[in-house]
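What the coordinates show
This is what each chain is made of:
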Amino acid sequence: VVSIEDMVNSEELYTDLVSLFNEDFIVSDIKIKITASIGVAIGDLTSSTHSELLRQADIAMYEAKKLGKNRFCIFESSMMEYSNLRFTITNDFMDSLNNGEIYLNFQPVINVDTQKVMKLEALSRWKHGQVGFIRPDIFISSYIQDLSYWLIRQCILQLVDLRNRGFEEIIISINISAGQISDASSITFIKDECDRHDVPYHLIELEITETSLISNFK
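Residues numbered from 1 in each chain as written. Predicted model: local features only at pLDDT ≥ 70, side-chain atom pairs only at ≥ 80, totals over all residues. Heavy atoms only, no water.

Structural notes on a nonpolar patch on the surface
- There is a patch of nonpolar side chains on the surface, built from F25, V27, I30, I32 and I34 and spanning about 400 Å² of accessible area.
- If you list the elements that add at least two residues to the nonpolar patch, you get β1 (25–27) and β2 (30–32).
- Within the fold, V27 resides in strand β1. (Patch = residues over 30% accessible without salt bridge, like charges linked within 9 Å, V, L, I, M, F, W, Y side chains within 5 Å. Areas by Shrake-Rupley, 256 points an atom, 1.4 Å probe, with all protein chains shown as cover. Salt bridge = Lys/Arg side-chain N within 4 Å of Asp/Glu carboxyl O. Helix = DSSP H or I, 4+ residues; strand = E, 2+ residues; numbered from the N terminus.)

Details of the packing of aromatic side chains
- Applying the stated criterion to the full structure yields 4 aromatic pairs.
- Consider the rings of F93 and W126, whose centres lie 5.7 Å apart with planes at 80°: the pair is edge-to-face. Here W126 lies in strand β6 (residues 117–128) and F93 lies in helix α3 (residues 77–99), a separation of 33 residues in the sequence.
- The exposure class assigned to W126 is buried, which follows from its relative accessible area of 1%.
- With a centroid separation of 4.4 Å and an interplanar angle of 65°, the aromatic rings of Y149 and F189 are classed as edge-to-face. Note that Y149 is positioned in helix α5 (residues 144–164) and F189 in helix α7 (residues 184–196), a separation of 40 residues in sequence.
- By relative accessible area, which is 14% here, F189 ends up buried. (Phe/Tyr/Trp six-rings, centres within 6.5 Å; stacked < 30°, edge-to-face > 60°. Buried < 20%, exposed > 50% of the residue type's maximum accessible area, 1.4 Å probe, protein only.)

Side note on unusual backbone geometry
- Located in the positive-phi region is S28, a residue other than glycine, with phi close to 55°.
- Residue position: S28 is located in the loop between β1 and β2.
- Phi is positive for D29, which is not a glycine, with a value near 65°.
- On the secondary structure map, D29 appears in the loop between β1 and β2.

Right, here's the structure in full:
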């Protein structure tokens, strides 16, 4: 924690602290390379308590790690908002999944020649009772496994409903992680759910991100 009145050249101090780790450390003739992620909290101890400054510095440190590590971050109020949101997500995700606050939107893909819907892309949305809409990129990465299994079930039930209405060849596209593609149990789960509801396999299309593909072509 840094509590400082004179901010002149203070950022040079933090930069110097990070640079101290540029050189290898020698321990028992073994070279060890480590980096430092530094969180900085700046405050007046007449208006901020030690515990508040420690919490702010800790939040800033995790922000430094999130930005790539080996750097410093100075605490800003927006970081506290994000930290509180992460706390809400951790505490409320499963309850929200079970009570319907997390739901699916379906984005259509239309054949321009026939003007018919060919495919629906399933998109997860979360409208939290207290904080409102939570961006998918914030909560999906934390709960990809739980969310994917729920999403697969919901999509297959949607396909059952579509087929009962006469739309027998509409495909539903599901975004899953690259790890699930290579996980036999995930693929088995999809097949078992399709079999249970008599949904042909080819009506489920699995999508991964470009980043996942680039990092693992196999």
